[in-house]
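Fold and geometry: a report
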Amino acid sequence: MATTAVGLPLSRVDARRKVTGTATYSAEHRIEGLLYGVIVNGTVARGTVSRISVDAALSHPGVLHVLTDFGKLQLAHPVDRLAFYGQPIAVVVAETLEAATHGASLVEATYERQDAVTDFDDPDIPSQTPEDEPDYSRGDPAGALASAQVKVDLELTSARENHNPIELPSTIARWQDGRLTLWDKTQWSQGAARTVAGALGIAVTDVRVHNEFLGGGFGSGIQTYDHVVLAAFAAREVNRPVKVVLTRRQFYYGTGFRPASRHRMTLGSTAAGRVSALVYEVRIENARYRTYTDGLTDLPKFLYGVPNTSTAYRITPIDVHSPASMRGPGVVLGNFALETAMDQLAHELSVDPVELRLRNEPTQDEVSQLPFSTRKLRECYETGARRFGWSRRRAKPGSRTDGDLLIGMGMATASYHNNRRDSSARARIHANGTAEVFAASADMGPGTTTSVMQVAADALGLPASAVTVRLGDSSYPTAPLHAAACTMASVGSAAHTTCHALKAEFIRRAVADPNSPLHGANPADVQVRDGRLETSGARDTYRDILRRAGLPSLDITGNWGPGDADSRISTYGYGAVFAEVSVDPLLGLVRVRRIFAAYDVGRVISPKLAHSQAIGGMVGGIGMALLEGTVTDHRDGRIVNASLADYLVPVNADVLDLDAAFINTEDPQADPIGVKGLGEITIVGVAPAIGNAVFNATGKRLTDLPIRPEALL
């Protein structure tokens with residue numbers, strides 16, 4: 001397909017607005033008559049509020065209302081009792097943020113406490129099998145494991161992680177004539193509209209959500225949490241617009257998190273390195289009031305050609321807030337268990353880790369029995385190993401040093417399902433020859449606005465500078481959540497399809513118009529470049545077609561969906577991640593020296609933005625491997641390190657040399673623009689690659705995330 005914009009390393013179209021401060025985020029909109037709401041959080045993990053005193057708060061200057069009765073709201077958790085520490089029990093509304101904040105500190109509550117469990121390793125709490133994650137088995141795993149010549153049996157753990165984008169959860173709610181407008185930090189404007197409408201008992205058509213700019217999300221904005229509903233509720237109760245912004249500490253209590261997990265991964269192999277058996281058992285923490293699952297077992301049962309495989313997924317319900325998706329949800333943890341075990345197996349077999357993976361490449365999807373749409377994983381291994389310098393790795397752990405430091409190299413495979421969902425778009429060409437494309441998606445930072453613009457420009461035959469993409473409004477054509485690595489494949493395909501349809505409509509009008517130079521031409525012969533329709537020396541333009549028709553613009557709304565493609569093909573993204581670390585044996589300090597990854601993610605629409613996505617995923621993976629972990633005081637469920645002073649995330653000094661390359665491929669069977677999701681896969685292989693590098697440096701197989709210095713001493 002001919003392109004002029006797709007494939008160019010363009011800068012973000014919204015970059016100047018973001019760096020100059022003219023991009024308006026949810027909390028920054030200037031709304032007349034705005035009041036400020038601050039949520040009061042409960043301080044027990046389980047129980048009821050027996051008494052709440054608001055008199056002191058109401059007497060504070062500037063405080064106008066204290067709302068405590070949420071009985072008519074339909075929230076995700078019970079409203080008549082406390083289900084987790086930090087559950088909202090009141091909203092203080094005031095003329096200023098300072099007054100609302102101090103007023104909230106004056107609200108006093110008395111509780112009837114019930115015995116609560118916030119530690120999911122408590123032996124008295126039974127685990128459950130979730131309905132949507134049944135046990136899986138193929139072949140005879142027990143028999144194959146019993147007869148295996150080499151076995152690896154590892155127990156692994158991961159700590160809870162919390163999302164920490166820079167922009168805090170924030171909502172402004174305004175009612176006018178019975179209709180609600182929200183300016184909300186959400187990754188799914190239409191999902192937020194439905195949730196709020198359901199919580200308040202109003203029609204979803206009476207809710208409009210704006211989310212043009214988001215300061216990061218990582219999954220924290222997929223669900224619509226209490227603060228959004230309470231902002232809308234408070235605005236309705238006080239009959240004025242209300243803004244609610246969570247503090248960083250409230251962020252940890254008020255939204256979801258990546259759940260802590262416990263794994264057992266067992267592999268059986270022949271002496272030649274053919275994996276014959278895989279048994280994987282995993283358990284994650286859950287809330288009592290709501291079941292949450294994600295794809296922990298996906299890669300262990302899919303990634304390699306293991307004929308005898310079984311997986312078992314369990315949840316342990318305790319008195320905590322419900323977990324939620326976080327970048328690479330589930331898959332990143334299941335892959336950590338799998339790739340750590342594969343590295344240990346390679347060590348015991350004295351086989352190069354890359355070679356072991358190549359020996360176990362499947363010929364088809366072993367779970368679905370479907371052919372791969374594309375699987376360029378071998379190319380990822382080859383490119384990654386060459387560019388990283390894998391041949392310089394020493395197989396014997398602890399044999400390479402740099403002064404007093406131990407140096408190690410490790411690698412891991414990455415993969416993520418290519419999610420595509422039904423989506424719509426509206427395309428419009430104006431009389432001045434410019435175009436707009438509308439979709440109710442979002443852009444939380446990966447550059448979706450820019451990438452969709454590139455696709456639309458090529459489909460319309462216009463220069464990129466002539467196309468504007470409008471996202472971030474629930475009133476725009478339907479789009480899926482901005483998550484799960486599905487946005488470009490879904491919204492981009494909808495924009496591509498719709499823009500081609502609009503171009504075809506202009507061609508149809510031109511060849512049917514006696515006044516057009518293209519009158520009578522075969523539509524199939526007409527080419528469009530820079531807004532000019534040409535064939536056999538004749539030329540017309542979008543501008544002239546609209547001028548002759550007396551139209552200020554012409555637009556079309558179109559739809560795209562994957563249909564039954566997933567019943568015919570298995571479509572995934574793939575990657576190979578290589579890491580080098582140094583370990584100070586006296587301090588137990590691990591430093592990531594460099595990471596290189598090669599990815600098969602289909603057609604790369606915007607190379608500069610794709611590279612940026614890869615680097616971002618690596619940074620998140622470094623955090624998971626070495627730094628991030630939420631600490632809970634199990635006496636009451638309070639999160640101890642609910643701040644960026646105490647919850648460790650990577651900083652510039654931790655991300656010295658990160659790079660990525662993309663295999664030249666595309667996936668036309670999956671979607672019309674040939675792309676695969678990129679946002680999730682870039683974090684998937686990073687933590688095990690780092691852990692495997694630490695093993696190569698020290699000979700210590702560490703199976704708990706994050707890797708802490710004391711584990712190496």
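Note: the structure precedes this text.
Each value, and the rule that gives it
- Throughout this description, residue numbers start from 1 for each chain and increase along the sequence as written.
- Owing to the predicted nature of the model, reporting of local features is limited to residues with pLDDT of at least 70; listing and counting of side-chain atom pairs is limited to 80 or more, with chain, interface and lining totals taken over all residues.
- To get the side-chain values, all heavy atoms of the structure are used, and hydrogens and water are removed first.
- Note on conventions: DSSP H or I runs of at least 4 residues are helices, E runs of at least 2 residues are strands, and numbering of each starts at the N terminus.
- Only the C-alpha atoms count toward the radius of gyration. The rule for a globule is 2.2 Å times the residue count to the power 0.38.
- Three labels apply to residues, based on accessible area from a 1.4 Å probe with only protein chains included: buried if under 20% of the type maximum, exposed if over 50%, partly exposed otherwise in between.
- Only the protein chains shown count as cover for residues, with accessible areas throughout obtained via the Shrake-Rupley method and a probe of 1.4 Å.
- The sign given to each residue is positive for Lys and Arg and negative for Asp and Glu; His and the chain ends receive no count.
- For charged residues, the charge sits on one atom: NZ in Lys, CZ in Arg, CG in Asp, CD in Glu.
- In the analysis that follows, any N or O atom pair within 3.5 Å is treated as a polar contact, provided that within protein one partner can donate a hydrogen and the other can accept it, and provided that, for residues neighboring in sequence, both atoms belong to side chains.
- Should any heavy atoms of two residues lie within 4.5 Å, those residues are counted as being in contact.
- Nonpolar cores were defined as sets of buried Ala, Val, Leu, Ile, Met, Phe, Trp, Tyr and Cys residues, with membership established by side-chain atoms within 4.5 Å.
- Only strands that DSSP links by at least two bridges are regarded as paired with each other.
- Fitting a line to C-alpha atoms yields each axis, with helices limited to the stretch in contact; the angle taken between N-to-C directions then spans 0 to 180 degrees.
- Between 65 and 115 degrees an angle is taken as roughly perpendicular, under 35 as roughly parallel, over 145 as roughly antiparallel, and anywhere else as oblique.
- Should the near helix be turned anticlockwise from the far one by less than a right angle, the crossing is termed left-handed; should it be turned clockwise, right-handed.
- Here a helix's expected span is defined as the number of its residues, less one, multiplied by 1.5 Å.
- Note on patches: the residues involved have over 30% relative accessible area and no salt bridge, like charges join within 9 Å, and the nonpolar side chains Val, Leu, Ile, Met, Phe, Trp and Tyr join within 5 Å.
- A carboxyl oxygen of Asp or Glu within 4 Å of a side-chain nitrogen of Lys or Arg is what we treat as a salt bridge.
- Any pair of Phe, Tyr and Trp rings, taking the six-membered ring for Trp, is counted once the centres come within 6.5 Å. Such a pair is stacked with planes under 30 degrees apart, edge-to-face with planes over 60 apart, and tilted for the rest.
- Criterion for a charge above a ring: Lys NZ or Arg CZ within 6 Å of the ring centre, and within 35 degrees of the ring normal.

**Let's talk about the overall build of the protein chain**
When its secondary structure is counted, the protein chain shows 17 helices and 29 strands. The globule rule puts the C-alpha radius of gyration for 713 residues at 27 Å, and the 27 Å found for the protein chain is close to it. Counting only C-alpha atoms, the protein chain reaches 80 × 75 × 50 Å along its principal axes. A buried classification covers 61% of the 713 residues belonging to the protein chain. Split by element, the accessible area of the protein chain, about 27,400 Å² in all, is 48% carbon and sulfur. Computed over 71 positive and 78 negative side-chain charges, the separation of the two mean positions in the protein chain equals 4 Å.

**Details of the side chain of Arg375**
You can see Arg375 is positioned in the loop between α10 (353-359) and α11 (377-388). Given a relative accessible area of 14%, Arg375 falls into the buried group. From its side chain, Arg375 meets the backbone oxygen of Leu303 in a polar contact 2.8 Å long. Non-local contacts of Arg375, meaning those with residues more than four positions away in its chain, are made with Phe302, Leu303, Glu361, Pro362, Tyr574 and Asp600.

**Here's the deal with the nonpolar core**
Ranked by internal contacts, the top residues of the largest apolar core, which has 91 residues, are Met265, Leu267, Val581, Ile595, Tyr599 and Ile690. Considering each element in turn, this core owes the most residues, 11 residues, to helix α9 (residues 331-349).

**Quick word on the sheet that holds strand β18 (residues 435-438)**
The mixed open sheet is built from four strands, whose spatial order is β19-β18-β17-β23. Two strands bound the open sheet, and with one partner strand each, they are β19 (467-470) and β23 (553-560). In this sheet, neighbouring strand axes are inclined to one another by 20° on average, regardless of whether the strands run parallel or antiparallel. Alignment of strand β17 (residues 423-430) against β18, held across four bridges, turns out to be antiparallel.

**Describing the packing of helix α13 (residues 487-512) against helix α14 (residues 542-549)**
A pair of packed helices is captured by two measures, namely the crossing angle of their axes and the spacing between those axes. In contact at an axis separation of 10 Å, α13 and α14 are set at 60° when each is read in the N-to-C sense. The angle between α13 and α14 places the two elements in the oblique class. Two packed elements cross with a definite hand, and for α13 against α14 that hand is left-handed. Of the residues in α14, those in contact with Lys503, Phe506, Arg509 and Ala510 of α13 are Tyr542, Ile545, Leu546 and Ala549.

**Some remarks on the environment of Asp122**
Position of Asp122 relative to the elements: it lies in the loop between β5 (108-113) and β6 (136-138). Once the C-alpha coordinates of Asp122 and Thr316 are considered, the two residues, 194 residues apart in sequence, prove to be 9.4 Å apart.

**So, the side chain of Gln454**
Of note, Gln454 is situated in helix α12 (residues 448-460). For Gln454, a relative accessible area of 0% gives the class buried. Among the polar contacts listed, one links the side chain of Gln454 to the backbone oxygen of Leu8, at a separation of 3.2 Å. Apart from the residues within four sequence positions on either side, Gln454 is in contact with Ala5, Val6, Gly7, Leu8, Leu10, Ile605 and Ser606.

**Comments concerning the environment of Ile284**
Assignment of secondary structure puts Ile284 in strand β13 (residues 275-287). What makes Ile284 buried here is its relative accessible area of 0%. When the C-alpha atoms of Ile284 and Thr22 are compared, they prove to be 42 Å apart, with 262 residues separating the residues in sequence. Discounting chain neighbours no more than four positions away, the residues touching Ile284 are Phe120, Pro259, Ala260, Ser261, Tyr292, Leu296, Tyr313, Arg314, Ile315 and Thr316.

**A short note on helix α15 (residues 607-627)**
An α-helical turn contains 3.6 residues, so any two residues separated by three or four positions project in the same direction. For α15, built from 21 residues, the straight-helix expectation of 30 Å at 1.5 Å per residue is met to within 8% by its first-to-last C-alpha distance of 29 Å. When α15 is considered as a whole, its buried residues turn out to be Leu609, Ala610, Gln613, Ala614, Gly617, Met618, Gly621, Ile622, Gly623, Met624, Ala625 and Leu626.

**Describing the environment of Thr247**
Along the chain, Thr247 turns up in the loop between β11 (242-245) and α7 (248-254). Measuring from C-alpha to C-alpha, the distance between Thr247 and Gly398 comes to 45 Å, with 151 residues separating the pair along the chain.

**Thoughts on a nonpolar patch on the surface**
A contiguous nonpolar patch, built from Leu586, Leu587 and Leu589 and spanning about 340 Å² of accessible area, is present on the exposed surface. Taking relative accessible area as the criterion, Leu586 reaches 72% and is therefore assigned exposed.

**Some thoughts on the sheet that holds strand β4 (residues 88-94)**
Pairing is mixed across the open sheet formed by seven strands, whose spatial order is β3-β4-β1-β11-β8-β9-β10. Every interior strand has two partners, whereas the edge strands, β3 (63-67) and β10 (207-210), have only one. Mean inter-strand twist for the sheet, computed between neighbouring axes without regard to direction, equals 25°. For strand β1 (residues 35-41) and β4, the ladder comprises six bridges, and the chain directions are antiparallel. Counterpart to Asn41 in the pairing with β4 is Pro88. Running over the sheet, helix α5 (residues 189-200) touches β8 (170-176), β9 (179-184) and β10 and is turned about 140° from β10. Across the sheet, helix α6 (residues 226-238) touches β1, β3, β4, β8, β9 and β11, and the angle it forms with β8 is around 30°.

**Structural notes on helix α17 (residues 686-698)**
In this model α17 runs 18 Å from its N-terminal to its C-terminal C-alpha over 13 residues, within 8% of the 18 Å that 1.5 Å per residue would give. Counting buried positions along α17 yields 12 of 13 residues, so the element is predominantly enclosed. Every buried residue of α17 is accounted for by Val686, Ala687, Pro688, Ala689, Ile690, Gly691, Asn692, Ala693, Val694, Phe695, Asn696 and Ala697. Directly after α17, the chain includes Gly699, whose backbone phi takes a positive value near 80°.

**Remarks on the packing of aromatic side chains**
What the rule picks out here adds up to 13 aromatic pairs. Between Phe438 and Tyr476, the ring centres sit 5.3 Å apart and the planes meet at 75°, which makes this aromatic pair edge-to-face. Within this pair, whereas Phe438 is found in strand β18, its partner Tyr476 is found in the loop between β19 and α13, the two being separated by 38 residues in sequence. Relative accessible area serves as the criterion here: at 7%, Phe438 is assigned to the buried category. Taking relative accessible area as the criterion, Tyr476 reaches 17% and is therefore assigned buried. Clustering of aromatic rings is evident, with ring pairs tying together Phe302, Phe372, Tyr572 and Tyr574. The ring of Phe388 has Arg594 lying over it, and the distance from NZ or CZ to the ring centre is 4.0 Å. Above the plane of the ring of Phe695 lies Arg701, whose end atom (NZ or CZ) is 3.9 Å from the centre.

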